[in-house]
Amino acid sequence: MTDSQTHDQLGGDVARPPARRVLRFAAAATAALLVADLATRAYNSYDRIPGIRRFVNVDLEANLATWWNSTLLLAVAGVALTAALLSGPDARPGRLSWLGLAAATALLSIDETASLHERLGEVGKSWKEWAGGSLPTHAWVLPGALLAVAGTVCAVLWARKLPRDLRNGILAALGVYLGGALVTEAFNGWALEHGHRTVLMLGTLVEEGLEMSGCLVALAALGRYVVLERDPGSGRAVVRLRDGASGSG
């Protein structure tokens, strides 16, 4: 067995279980939050619990659900930033690409807390007035969709430089996230406009669930690229890129 194979085996034995445990915890916390929203919604219809209901309501801002979604996005940004710091000068993708991913996910995290996308509603309203038509959903959806298309094109072009498994994982995460943040959100806007309260409630759970799941998929994919392990000599925890990922291969 070569030194590289021994290193990989030791790294895999030590690094993968903790990473999997953290990811499983994140997935369990996400599921628990969605169940808490549904349970408190049902209980609130029989006995009012406005404080608790607001705290876990995935459709509101400045509460536990918003914080958790923002935290997942920041975790993705943090792993991408780590990849940027560990990338060598000849790495593909390079540091600027990883910094771009970190910046994009950090911006999404800010949007989750500050609702920046809702500011696009004014743009959507002006477009609707100019076209003389109507948009049967949230006003921000149309300009948001254009931004999403532009971002998706950039993501696909950037992902071409990634190893196949990482590329597929990142693009799958993007698809899941946009399925919630844009597609399901647009459907929810239609349900709101037409007064379908039950459909809106279920759609909101799906929307937030897809957004959080997209982050989990991204973390799972990036966790195969940015590896946490314990150095067999010193016993200290170290972070490295997967073998072959930091060079130009």
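Figured I'd write up the structure that's included with this text. Keep in mind it's a predicted model, so treat the numbers as computed, not measured. (Residues numbered from 1 in each chain as written. Predicted model: local features only at pLDDT ≥ 70, side-chain atom pairs only at ≥ 80, totals over all residues. Heavy atoms only, no water.)

Once that is clear, we can look at a nonpolar patch on the surface. On the surface, a nonpolar cluster with roughly 430 Å² of combined accessible area is contributed by Leu-81, Leu-85, Leu-96 and Leu-99. Counting only elements with at least two residues in the nonpolar patch, the list comes to α3 (64-86) and α4 (95-114). Within the secondary structure, Leu-81 sits in helix α3. (Patch = residues over 30% accessible without salt bridge, like charges linked within 9 Å, V, L, I, M, F, W, Y side chains within 5 Å. Areas by Shrake-Rupley, 256 points an atom, 1.4 Å probe, with all protein chains shown as cover. Salt bridge = Lys/Arg side-chain N within 4 Å of Asp/Glu carboxyl O. Helix = DSSP H or I, 4+ residues; strand = E, 2+ residues; numbered from the N terminus.)

With that out of the way, let us pick up the pattern of salt bridges. Any two side chains of opposite charge can pair, so long as their charged atoms come close to each other. Tallied over the full model, the rule gives four salt bridges. The residue Arg-41 makes a salt bridge to Asp-37 at a minimum N-O spacing of 3.3 Å. Taken together, the residues Arg-41 and Asp-37, both in helix α1 (residues 3-44) and four residues apart, mark about one turn of the helix. Residue Arg-41 is classed as partly exposed on the basis of its relative accessible area, which comes to 25%. One salt bridge in this structure joins Asp-165 and Arg-224, with 3.5 Å as the shortest N-O distance. Highlighted residues: Asp-165 in helix α7 (residues 164-193) and Arg-224 in the loop between α8 (197-222) and β1 (226-230), separated in sequence by 59 residues. Here Asp-165 falls in the partly exposed class, since its relative accessible area comes to 33%. Residues joined by salt bridges that share partners form a network here, namely Asp-37, Arg-41 and Arg-53. (Buried < 20%, exposed > 50% of the residue type's maximum accessible area, 1.4 Å probe, protein only.)

Here we come to the packing of helix α6 (residues 141-159) against α7. Interhelical geometry of α6 versus α7 gives an angle of 175 degrees and a closest axis separation of 11 Å. Of the possible angle classes, the one that applies to α6 and α7 is roughly antiparallel. Of α7, the residues touching α6 (which contributes Val-141, Gly-144, Ala-145, Ala-148, Thr-152, Ala-155, Val-156, Trp-158 and Ala-159) are Arg-167, Ile-170, Leu-171, Leu-174, Leu-178, Leu-182 and Ala-186. Residue composition of the contact of α6 with α7, grouped by class: 13 nonpolar, two polar and one charged. (Axes fitted to C-alpha atoms, helices over the stretch in contact; angles between N-to-C directions. Parallel < 35°, antiparallel > 145°, perpendicular 65-115°, else oblique. Contact = heavy atoms within 4.5 Å. Nonpolar A, V, L, I, M, F, W, Y, C, P; charged D, E, K, R; others polar.)

Tallied over the full model, the rule gives four aromatic pairs. Ring centres of Trp-67 and Trp-68 lie 6.0 Å apart, and the angle between their planes is 45 degrees; this geometry places the pair in the tilted category. Look at Trp-68 and you get buried, because its relative accessible area is 12%. When the centroid spacing of 5.4 Å and the interplanar angle of 85 degrees are considered together, the rings of Trp-98 and Trp-158 count as edge-to-face. Linking Trp-98 in helix α4 with Trp-158 in helix α6, this pair joins segments that are 60 residues apart in sequence. Classification of Trp-98 as buried rests on a relative accessible area of 0%. What makes Trp-158 buried here is its relative accessible area of 13%. Through pairs of rings, three or more aromatic residues link up here, namely Trp-98, Trp-158 and Tyr-225. (Phe/Tyr/Trp six-rings, centres within 6.5 Å; stacked < 30°, edge-to-face > 60°.)

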